[in-house]
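Okay, here's what each chain looks like letter by letter:
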Amino acid sequence: MKLYISRIILGLFLLCSPFVLAQHLSKNQFKVKGNCNLCKERIETTAKKAGAKTANYSVDSQILTVETDDNVSTNEILKEVAKAGHDNEKFQADEASYQALPACCHYERNSTQTSEEHRMHSKSENEFYVKGNCESCKARIEKAAKDAGADSAEWNAEKQTVALNFNSQKTSADAILKKIAEVGHDNEKYKANDSTYKNLPSCCLYDREIPFGETNPKVHTEETAEAAHNHNAGTSHEKNIEGVTVTALKASTSLNKKEAGLIFNIDKKELLKAACCNLSESFETNATVDVSFSNAVTGTKQLKMLGLDQKYTSLTKELLPEIRGLASAYGLNFIPGRWIESIQLTKGGSTVTNGYESITGQINTELLKNSEKPETSLNLFADFNGRTEANITSVSKIDDKWSQTFLLHGNGTFGDTDMNDDGFLDRPKGTQLNAAYLLNYNDLEKSGFGSHFGINFIKDERTAGQVGFDKKIPQDKQSLYGVGIDISRFQVWNKTGYVFKGKPYQSLGWMNQYTFHQQDSFFGLRNYSGKQHTYYSNLIFESILGNTNHKYKAGASLMYDGYDENYLTQNFKRNEIVPGAFAEYTLTGLKYTLVAGARVDFHNLAGTQFTPRLNFKYDITPQTILRLSAGRGFRTANIFAESQQYFASNRNIQILENGGNIYGLKPEIAWNYGASLQQEFKLFGRKSSIIADFFRTDFQDQVMVDLDRSPQQLTFYNLEGKSFANSFQAQWDLMPFKNFELRFAYKYYDVQADYLNGRRAVPFMAKHRGFVNAAYSTNKNDKGGFWSFDTTLNIVGKQRLPDTSSNPSQFQLAAYSPSYSVLNAQISRNFNQKIRAYLGGENLTSYSQSNAIVDFKNPFGNYFDGGMVYAPIMKANFYVGLDVTF
């Protein structure tokens, strides 16, 4: 009997021993940096040698899971992991250990991350980890804590912790944390029910996979988005009222994954990869925008998106109308590259809150106005063909609420550049003086008010034509052909917003801008001059319907344009007055976002116009995103200002009026439809992404610019028939190894229209284009110095050229241009955080168009034409530059 009882006791002991032992094992998760399977093996082996019973490291999540006895210090384990070369949330590897790792193991380091995360893991006795995103989360968490008996509760979004004050005789930390989990918030002791979590408003859907204590990236983006989210600005870490940007830390160059629209964010660091003297040169490393080459006589560049000219893209500055009207031809030169803080590029239909003119997309430029500390920078630039430039930017705080920015730019082109020996300057000579002052007020946290004021003045003068032309002598008094263009421009604007107290999701914003633009110019014996007065006002109210899953915007706008143009002996005057109203609704679900908007505008010359737009995003998986868009846009054509590249020719302008009120023509109206698929994945242990998109633009009405009717005519008329543009682009971004980035893109365009002589492909548009960008930078040294290398290859297929068959044979162009490639490259050296020098080259393949000007020997004859440009005119051009920050 005793033997039987002994066996029972022994059996029970053996049965219970695993549970007893398990009570002495602790399971913990820690953030550890690594790249590949070699890292995984090294980290796990080191952890076990340091006392871990088990160790499992995930390269994808960067999480090390260890099981230890209670008497084993996890700090000691993480310290040994750091000695092996791997930064973690508590200890940072020394530089020698990191550099000793194999090349494939060199993960990306952030010197500030370790200390910041370590501070987050240091909590007081009654402080507990609770996950959340925004102000709504804060209110919900603190209310639940008080409902569970806490005397007070303070949730900190940055630390992801709640500090509790309670009477232990009445309640307990366990009871409070359990109540917090019941309302949907995971914490270090209890996990929320899945259905409760999914029913939270979209802004409150925190990432459940992030380990406790680690920084939550959504805190900065979605918290401020709840206050007043700007669907077009595309910047993160902002606090803004719709269109009223107050403070910002810009996101890196990327596709915005949270937006329903296809929005690319271009950071100012990306702009340093190219010469980037002005906005027209800011897209060299971006495959979405095509930049046409300078006109042979006027030196103008134009952007193209989705296979269509720049005029169909809404170009804004600070979300206010910018490059339009009389500024269409030269406006890209009026925003210096060193003034730009970021660019948001939207493909396809953009939000209705920003107006009715966008057809193929929107490009918004944000100027420098945010700095944590006073910063003054000087940029000096010169190329080897006589162009020089200087930029001074200064951003400083006046006090806790006020800050200011001074922006100054000057450039001059003094050399006679004629690389193709045709007797004409390859680019104009001249000077530009450009100055701006920005004043910002930010008291959103207390009073709810924020405001931004800006003023800008530009004086631009340029001379082109034959080498030796003297602008001081009237054209009819000299035999040399010349072009003179003088522009004065003045702008003043203000954006003011208010966030309602206690309602961070409700805001009111009001934007106002006045612009004066004057151009006086001549092209040989023909003159063109114009004045434009523009006033723009936009009032936007934003709030929610029930909860933040249902947001809406509503408002009213007013656009006034006063034009006074003179071409030869003809005068063209008109006033366009356009009051409008709009509304936009955003529905956000767990995996989808729908943005539907519409506006109605009462144009005094173009009639009442209805503009609906829709954007839809569906997250098939967190790494696979589908987007759909559709929308309508309309605009009035400024046929003289938008066609100045053809003025330096013998072409006579002919307008075939069609009963409209703008030059006798009707407005342009088009529908745009698009779809895109974004896929992210790991390659070489690093993030990689592929995005493919297709857009189609169908014109309901269009002002045709016909260059084919006769080589001696430039004819404008309204479309009769069909006009469409199909655009396909596939882009692959990857990082084969540390600090080395690659971008490949292929673009296909099919752009056709029914002209008076039949359907033809639109000229100067290549069907096939290829793009390759490679960028590499070395590791920073102790002083913050490093080298950067960047190169971009553009491959341009053949383009249809305007019909010149009626010209004498020696002045005829081929039906199609040849294909060609253009290579640009730059090397820069950051000596420290204050000084940077760079050397670059453009068109290093030295490909140039041999017949850029038709009949250049007889510029006053019938066959002279300087507008037939499809390729570079200048051969290889080198430049140097210096950036100094004080």
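J.: Please explain the sheet that holds strand β15 (residues 320-321) as it appears in this structure.
T.: Read from one edge to the other, the open sheet built from six strands follows the order β9-β10-β16-β17-β14-β15, with strand pairing classed as mixed. Only two strands of the sheet have a single partner each, and these edge strands are β9 (254-255) and β15. Looking at chain direction, strand β16 (residues 340-347) and strand β17 (residues 361-367) are connected through seven bridges and run antiparallel. Among the inter-strand pairings, Leu345 is bridged to a residue of β17, identified as Ile363.

J.: Can you help me understand the side chain of Lys369 in this one?
T.: By the element assignment, Lys369 lies in the loop between β17 and β18 (375-383). Lys369 sits in the buried class, given a relative accessible area of 1%. Looking at Lys369, its side chain comes within polar contact range of the side chain of Glu318, at 3.0 Å.

J.: Sorry, what's going on with unusual backbone geometry here?
T.: The backbone of Gln160 shows a phi angle near 60°, a positive value even though the residue is not glycine. Turning to its location among the elements, Gln160 is positioned in the loop between β5 (152-156) and β6 (161-165). Relative accessible area serves as the criterion here: at 5%, Gln160 is assigned to the buried category. For Asp855, which is not glycine, the phi dihedral falls at a positive 55°. Along the polypeptide, Asp855 turns up in the loop between β42 (835-842) and β43 (877-885).

J.: Just checking my understanding: could you explain the pattern of salt bridges for this structure?
T.: Between side chains of opposite charge, a pair can form when the charged atoms approach closely. In the structure shown here, the tally under the stated rule is 50 salt bridges. Between Asp290 and Arg769 there is a salt bridge, with the nearest N and O atoms lying 3.3 Å from each other. Here the residue Asp290 occupies a position in strand β11 (residues 290-291), and Arg769 occupies one in strand β39 (residues 768-777), the gap between them amounting to 479 residues. For Arg743, the salt bridge is made with Asp733, and the minimal N-O distance between the two is 3.2 Å. Taken together, the residues Arg743 in strand β37 (residues 740-755) and Asp733 in strand β36 (residues 723-737) connect sequence positions ten residues apart. Relative accessible area serves as the criterion here: at 13%, Arg743 is assigned to the buried category. Where salt bridges share partners, they join Glu270, Lys273, Asp733, Glu741 and Arg743 into one cluster.

J.: Can you walk me through the nonpolar core in this structure?
T.: Soluble globular proteins tend to bury their nonpolar side chains together. By size, the foremost hydrophobic cluster in this structure holds 45 residues, and its most contacted members are Phe523, Tyr528, Ile639 and Phe640. The set of elements that each furnish at least two residues to this core consists of β22 (449-465), β23 (482-499), β26 (547-567), β35 (713-718) and β41 (820-830). Discounting residues that sit within four places of it in the chain, Phe523 has contacts with Thr298, Tyr330, Tyr481, Gly482, Val483, Ile485, Tyr528, Gln644, Phe647 and Ala648. Ranked by size, the runner-up nonpolar core spans 41 residues in total, among them Leu303, Leu315, Leu368 and Leu407.

J.: When you look at the side chain of Arg338 in this model, what are you seeing that I'm missing?
T.: Considering the arrangement of structural elements, one finds Arg338 in the loop between β15 and β16. Leave out the neighbours within four places in its chain, and Arg338 touches Leu272, Ala275, Cys276, Leu368, Asn379, Asn391, Thr393, Arg836, Tyr838 and Asp883.

J.: What am I meant to see in helix α2 (residues 37-49) here?
T.: Along an α-helix, residues three or four positions apart point the same way, because every turn accommodates 3.6 residues. For α2, built from 13 residues, the straight-helix expectation of 18 Å at 1.5 Å per residue is met to within 8% by its first-to-last C-alpha distance of 18 Å. Within α2 the residues assigned to the buried category are Cys39, Ile43, Glu44, Thr46 and Ala47. An end-on view of α2 places all buried positions within 165° of arc, on one side of the element. Exposed side chains of α2 directed beyond 90 degrees from the buried face belong to Asn37, Glu41 and Lys49. Backbone geometry just downstream of α2 places Gly51 in the positive-phi region, at approximately 120°.

J.: Sorry if this is basic, but what is going on with the pairing of β43 here?
T.: A regular strand carries its side chains on alternate faces of the sheet. Alignment of β18 against β43, held across seven bridges, turns out to be antiparallel. For Ser377, the partnering residue across the bridge sits in β43 and is Thr885. Of the strand pairs in this sheet, β42 and β43 are connected by eight bridges, and their pairing is antiparallel. The residue of β43 that forms the bridge with Arg836 is Asp883.

J.: So what exactly am I meant to see when it comes to a nonpolar patch on the surface here?
T.: Together, Leu508, Trp510, Tyr535, Leu539, Leu558 and Ile577 line one region of the surface with nonpolar side chains, adding up to about 490 Å² of accessible area. Contributing elements (two or more residues each) for the nonpolar patch: β24 (507-523) and β25 (526-545). Inspection of the secondary structure assignment puts Leu508 in strand β24. Since its relative accessible area comes to 33%, Leu508 is described here as partly exposed.

J.: Sorry if this is basic, but what is going on with the sheet that holds strand β34 (residues 703-706) here?
T.: In a beta sheet, neighbouring strands are held together by backbone hydrogen bonds and run either parallel or antiparallel to one another. Spatial strand order, β31-β35-β34: three strands in an open sheet with mixed pairing. Both outer strands of the open sheet, β31 (652-656) and β34, are each paired with one neighbouring strand and no more. Taken pair by pair, the neighbouring strands of this sheet meet at an average axis angle of 15°, ignoring direction. Relative to β35, β34 is paired through four bridges, and the arrangement is antiparallel. Pairing of Met704 across the sheet is with Tyr717, part of β35.

J.: Even after reading the chapter, I still don't get the pairing of β18, so can you show me in this structure?
T.: Taken together, the eight bridges between β18 and strand β19 (residues 387-397) define a ladder with antiparallel strand orientation. Directly across from Ser377, in β19, lies its bridge partner Thr393.

J.: Whenever I open this one, the state of the cysteines confuses me. Can you help?
T.: Under the defined criterion, the tally for this structure stands at zero disulfides. Looking at Cys36, it has no disulfide partner, and the nearest cysteine sulfur is the one in Cys105, 3.7 Å off. Using a relative accessible area of 17% as the deciding quantity, one classes Cys36 as buried. For Cys39, which is in no disulfide, the shortest distance to another cysteine sulfur is to Cys105 and amounts to 3.5 Å.

J.: What's the story with the packing of aromatic side chains in this structure? I'm lost.
T.: Think of a pair of aromatic rings as described by two things: how far the centres are apart, and how the planes are tilted against each other in angle. Inspection of every chain in the model, using the stated rule, returns 33 aromatic pairs. Geometrically, the ring pair formed by Tyr820 and Tyr847 is stacked, given 4.9 Å between the ring centres and 5° between the ring planes. Of the two residues, Tyr820 is situated in strand β41 and Tyr847 in the loop between β42 and β43; the sequence distance between them amounts to 27 residues. Grouping aromatic residues by their ring pairs yields a cluster made of Phe523, Tyr528, Tyr567, Phe572, Phe640, Phe647 and Tyr663. The side chain of Arg208 reaches across the aromatic face of Tyr197, ending 4.4 Å from its centre. The aromatic ring of Tyr816 is capped on one face by Lys798, whose charged end is 4.9 Å from the ring centroid.

J.: Sorry, what's going on with the environment of Lys738 here?
T.: With respect to the helices, strands and loops of the structure, Lys738 is situated in the loop between β36 and β37. Judged by relative accessible area, Lys738 falls into the buried class, the value being 11%. Taking the C-alpha atoms as reference, Lys738 lies 9.9 Å from Phe684; in sequence the two are 54 residues apart. Each residue touching Lys738, except ones within four places of it in the same chain, is listed here: Tyr98, His106, Tyr107, Arg686, Tyr776 and Asn779.

Cut-offs and rules
Residues numbered from 1 in each chain as written. Predicted model: local features only at pLDDT ≥ 70, side-chain atom pairs only at ≥ 80, totals over all residues. Heavy atoms only, no water. Pairing = 2+ DSSP bridges. Helix = DSSP H or I, 4+ residues; strand = E, 2+ residues; numbered from the N terminus. Buried < 20%, exposed > 50% of the residue type's maximum accessible area, 1.4 Å probe, protein only. Polar contact = N/O pair within 3.5 Å; in protein donor to acceptor, adjacent residues only side chain to side chain. Salt bridge = Lys/Arg side-chain N within 4 Å of Asp/Glu carboxyl O. Core = buried A, V, L, I, M, F, W, Y, C linked by side-chain atoms within 4.5 Å. Contact = heavy atoms within 4.5 Å. Expected span 1.5 Å × (residues − 1). Arc of directions from axis to C-beta. Patch = residues over 30% accessible without salt bridge, like charges linked within 9 Å, V, L, I, M, F, W, Y side chains within 5 Å. Areas by Shrake-Rupley, 256 points an atom, 1.4 Å probe, with all protein chains shown as cover. Axes fitted to C-alpha atoms, helices over the stretch in contact; angles between N-to-C directions. Disulfide = S-S within 2.5 Å. Phe/Tyr/Trp six-rings, centres within 6.5 Å; stacked < 30°, edge-to-face > 60°. Lys NZ or Arg CZ within 6 Å of the ring centre and 35° of its normal.

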